[in-house]
2 protein chains.
Amino acid sequence: MKIVVDIYGGDYAPDEILKGCVLALNSNKEINLVLVGKQDEMAQKLKSENYDKSRVEFVDAPDVITCEEVPTSAIRTKKESSLVKALERTKEDDECIGMVSAGSTGAVLTGAFLKIGRIKGISRPALAPVLPTVDGGSVLLIDCGANVDCKPNMLEQFALMGNAYMKAVYNMENPRIGLLSNGTEDAKGNQLTKESFELLKKLPINFVGNMEARDITSGKYDVIVCDGFMGNIALKASEGIATTMLTLIKREVYSSLKTKIGGALLKGSFKKIQAVLDYNQQGGAPFIGVEKLVIKSHGSSKAQSICGSIMQVYNMHKNNLIGKIKDSLPEIQSAE
Amino acid sequence: MKIVVDIYGGDYAPDEILKGCVLALNSNKEINLVLVGKQDEMAQKLKSENYDKSRVEFVDAPDVITCEEVPTSAIRTKKESSLVKALERTKEDDECIGMVSAGSTGAVLTGAFLKIGRIKGISRPALAPVLPTVDGGSVLLIDCGANVDCKPNMLEQFALMGNAYMKAVYNMENPRIGLLSNGTEDAKGNQLTKESFELLKKLPINFVGNMEARDITSGKYDVIVCDGFMGNIALKASEGIATTMLTLIKREVYSSLKTKIGGALLKGSFKKIQAVLDYNQQGGAPFIGVEKLVIKSHGSSKAQSICGSIMQVYNMHKNNLIGKIKDSLPEIQSAE
């Protein structure tokens, strides 16, 4: 199966993106890649790498979209950019199951929305990273930034798509769906979540009610539904406090000989914890609700993360994610 | 100066609340306390404590408002509750500068709003905890749960009150005010923050623009303005990830002999970090914008935290917080 990769998106493009592609090619023989970007430069950089060249195709795209550009106009005007070319190829080629980009989030989402198009019945696709939970599980946070102003019926669709995702990709039988709010009681929430609560409780899903942000990584929920603005706040607040804690720990470790020894003995542990928390290392965030599989890798993605993102597209396809989202469409449409 | 304390609010009421009062009385001779609750029981429990009895007054209130009750109706109907009696005394007695309660957040905020009343010109008071930053500083997060649905002019008032607070209580000359958003660029945000941005940039404050949730504790901001729903999400997401990290660290420490020794050597450090992050230990969250000083202590407050909350009321009064908020009223009114 073919997966398209935007080689010129991301802070470490093109080198780390290309290395990630090589990793993916060498770890799974079923994967074929379409590499989109400056063709000569890509070919030159890949010369010394060892991989099965018969499973790689190049698409030339001399231009690049940066994070500073306004997404909509960049997608409309930069027709020769690696992102636009990658989106078009993903859309047009039936053999291409999906794509990966670590480029500008706004441009990737806008581009996927405009160029690949929505699944019929979905009004707004959502960006939905999978986060690690304290008990070693996973939780999907949907939406996490694609839609900053939402209406209740959008949160309803997020719940259904999140449910389909965790069933398909994580083999969960009956994912526990929580609605992010300012308290667990039914009456808690702002206007948006209160109206959404009424819609969610009528859906054929395991809706367990309102939840608090302190329980995001607690393992009590499999899918957390929220508008993209809240999701962004929750995710970044978590990142911020994790960074703050690691800084404080480092400072403490360096404060005396005793703590330095303690720190040395726990070095492996801290690395392990950092790896658990840095969910970006494992791949990217699926953009769910468009007609093909799209993974938005973090801008700071290195090879390992790009390889993880390619594997995510592979797994979503193997598990027929889009088919399963479509299967829940009658539910969505009857709910609208 | 007299400070009123609701002795029967909080998970550890009345014992820890009373102990906190004793701590405060013994640490600052200027403080007189009005203890509100079951008078005989309070007197009995305080018998064995050593403190200056001439600086303590009891107000009998046989009833208690619990967290399970609907705030508005509890405030209206439970006239003999410790919270309502405390609020009334605070309002009516000119010598009482403010009050402390660790009771139901909803009831304390609703009660202060209804019984003590707003400062003229403030449409909605806000709950504004002070959080520790990674560089050892402090940042005020306003609003953090009092108002779940906000209009731009409310965020404008939060900015002015937050500015006055950090100037008055933290002696800051020119607090850096950030607007919580999903990116730092001016054009980022949802409808509420975009409209608020336009109002904030016209105010006579040091508005530094949109900020991301990952920078809440970074030390780059002194006041963070947001609606109460977002503030709640940001704060609780931070609490959640901090808990998750501490759980992961504990698990790692117990995983082998080597890490156990490392953990033992870093035990003091972990405690210090926990203390920095547990801002509740240092006191409570001011409810800013009402006519008297109100501190909402965390429900799980113990003696040290209650003592801290009483000291906060004392400090806010010493620094003439309410006067300074009123001084910024012409700005507020001209901005409306």
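Note that the coordinates shown come from a computational prediction; the quantities given were computed from them, not determined experimentally. (Residues numbered from 1 in each chain as written. Chains lettered and ligands numbered in written order. Predicted model: local features only at pLDDT ≥ 70, side-chain atom pairs only at ≥ 80, totals over all residues. Heavy atoms only, no water.)

Draft legend 1. Layout of the environment of A:K79. All names here are of chain A. Among the secondary structure elements, K79 is positioned in the loop between α3 (71-77) and α4 (82-92). For K79 and C96, which are 17 residues apart along the polypeptide, the C-alpha to C-alpha distance reads 20 Å. Among all residues touching K79, those that are not within four sequence positions of it are V84 and K85. At 3.0 Å, the side chain of K79 forms a polar contact with the backbone oxygen of R76. (Helix = DSSP H or I, 4+ residues; strand = E, 2+ residues; numbered from the N terminus. Contact = heavy atoms within 4.5 Å. Polar contact = N/O pair within 3.5 Å; in protein donor to acceptor, adjacent residues only side chain to side chain.)

Draft legend 2. Spotlight on the pattern of salt bridges. Residues and elements named next belong to chain A. This model, assessed by the stated rule, comprises 40 salt bridges over all chains. For K2, the salt bridge identified is with E57, shortest N-O distance 3.6 Å. With a gap of 55 residues between them, K2 in strand β1 (residues 2-6) and E57 in strand β3 (residues 56-60) connect regions that are remote in the sequence. The partly exposed category is assigned to E57, whose relative accessible area is 28%. Measuring nitrogen to oxygen at the nearest pair gives 2.9 Å for the salt bridge that ties E212 to R214. Residue classification places R214 among the partly exposed residues on the basis of a relative accessible area of 30%. Residues joined in a network through salt bridges with shared partners are K2, E57, R89, D93 and E95. (Salt bridge = Lys/Arg side-chain N within 4 Å of Asp/Glu carboxyl O. Buried < 20%, exposed > 50% of the residue type's maximum accessible area, 1.4 Å probe, protein only.)

Draft legend 3. Local environment of the interface of chain A and chain B. Each partner contributes to the interface: chain A provides 49 residues, whereas chain B provides 49 residues. Together, the buried faces of chain A and chain B total about 4700 Å²; carbon and sulfur atoms form 71% of this surface. Joining chain A to chain B, the criterion identifies six salt bridges. Measuring nitrogen to oxygen at the nearest pair gives 2.3 Å for the salt bridge that ties A:E212 to B:K236. For the interface between chain A and chain B, the tally reads 16 residue pairs in polar contact (both at pLDDT 80 or more). Residue assignment for the side of chain A that touches chain B shows that the elements contributing at least two residues are β8 (176-181), α7 (191-200), α8 (228-253), α9 (257-265) and α10 (267-277) of chain A. (Buried area = accessible area lost by both parts, 1.4 Å probe.)

Draft legend 4. A look at the nonpolar core. By size, the foremost hydrophobic cluster in this structure holds 101 residues, and its most contacted members are A:L180, B:L35, B:I142, B:V225 and B:I310. In this structure B:I142 touches B:A126, B:L127, B:A128, B:F158, B:M161, B:G162, B:V223, B:I224, B:V225, B:C226 and B:I288, once residues within four positions along its chain are discounted. Among the nonpolar cores identified, the runner-up in size contains 63 residues, and A:L35, A:Y51, A:I122 and A:A168 belong to it. (Core = buried A, V, L, I, M, F, W, Y, C linked by side-chain atoms within 4.5 Å.)

Draft legend 5. The arrangement of the packing of α8(A) against helix α8 (residues 228-253) of chain B in detail. With their axes 8 Å apart at the nearest point, α8(A) and α8(B) run at an angle of 40° to one another. Classified by the interaxial angle, the pair formed by α8(A) and α8(B) is oblique. Judged by the sense of rotation from one axis to the other, the crossing of α8(A) with α8(B) is right-handed. Along the contact surface, α8(A) presents A:F229, A:M230, A:I233, A:A234, A:A237, A:S238, A:I241, A:A242, A:M245, A:L246 and A:I249, while α8(B) presents B:F229, B:M230, B:I233, B:A234, B:A237, B:S238, B:I241, B:A242, B:M245, B:L246 and B:I249. Across the contact of α8(A) with α8(B), the residue classes break down as 20 nonpolar, two polar and no charged. (Axes fitted to C-alpha atoms, helices over the stretch in contact; angles between N-to-C directions. Parallel < 35°, antiparallel > 145°, perpendicular 65-115°, else oblique. Left-handed = near helix turned anticlockwise from the far one by under 90°. Nonpolar A, V, L, I, M, F, W, Y, C, P; charged D, E, K, R; others polar.)

Draft legend 6. Fine view of the sheet that holds strand β3 (residues 56-60) of chain B. Residues and elements named next belong to chain B. Here seven strands make up an open sheet; going across it, the order is β3-β2-β1-β4-β12-β11-β5 and the pairing mixed. A strand with exactly one partner marks an edge of an open sheet, and here the two such strands are β3 and β5 (126-127). Helix α1 (residues 15-27) rests against β1 (2-6), β2 (32-37) and β3 of the sheet, and its axis sits at about 170° to β2. Along the sheet, helix α4 (residues 82-92) makes contact with β1, β2, β3 and β4 (96-101), crossing β4 at roughly 160°. (Pairing = 2+ DSSP bridges.)

Draft legend 7. Inspection of the relation of the copies chain A and chain B at higher detail. Mapping chain A onto chain B calls for a screw motion: a turn of 180° about the axis and a shift of 0.0 Å along it, with 0.0 Å RMSD after fitting. The transformation relating the two chain copies, once decomposed into turn and shift, fits a two-fold axis. No C-alpha of chain A lies nearer the rotation axis than that of A:G262, which sits 1.9 Å from it. Interface overlap between copies is the fraction of interface residues in one copy that are interface residues in the other; for chain A against chain B it reaches 100%, indicating a shared surface. (Least-squares fit on C-alpha atoms with pLDDT ≥ 70 in both.)

Draft legend 8. View of the pairing of β1(A). All names here are of chain A. Most of β1 sits out of view: five of its five residues are buried. Across the two faces of β1 the burial is the same, with K2, V4 and D6 and I3 and V5 all buried. In this sheet, strand β4 (residues 96-101) lies alongside β1 in parallel orientation, the contact comprising five bridges. When the bridges of β4 are listed, V5 appears paired with V100. Across five bridges, the pairing between β1 and strand β2 (residues 32-37) is parallel. Bridging across to β2, K2 finds its partner in N32. Remark: the β1/helix α1 (residues 15-27)/β2 crossover connection has right-handed handedness. (Right-handed = clockwise from strand over helix to strand, strands pointing away.)

Draft legend 9. Just unusual backbone geometry, in detail. The amide bond that connects A:A13 to the next residue, A:P14, takes the cis arrangement and shows omega of 0°. Among the structural elements, A:P14 can be located in the loop between β1 and α1. With an omega of 10°, the peptide bond between B:I142 and B:D143 qualifies as cis. Here B:D143 lies in the loop between β7 (138-142) and α6 (152-170). Phi angles above zero are rare outside glycine, and A:N171 is one such case at about 55°. Tracing the sequence through the fold places A:N171 in the loop between α6 (152-170) and β8. Residue A:N171 is classed as exposed on the basis of its relative accessible area, which comes to 65%.

Draft legend 10. Fine view of the side chain of A:S81. Here A:S81 shows up in the loop between α3 and α4. Setting aside chain neighbours within four positions, we find A:S81 in contact with A:A61, A:D63, A:V64 and A:I65.

Draft legend 11. Layout of the sheet that holds strand β9 (residues 206-212) of chain B. All names here are of chain B. With mixed pairing, the five strands of this open sheet are ordered in space as β6-β7-β10-β8-β9. Edge positions in the sheet fall to β6 (130-132) and β9, since each has one partner strand and no second. Pairs of neighbouring strands in the sheet enclose a mean axial angle of 30°, with direction left out of account. Relative to β7, β6 runs antiparallel, the two being bridged by three bridges.

The values are spatial; any link to function lies outside them.
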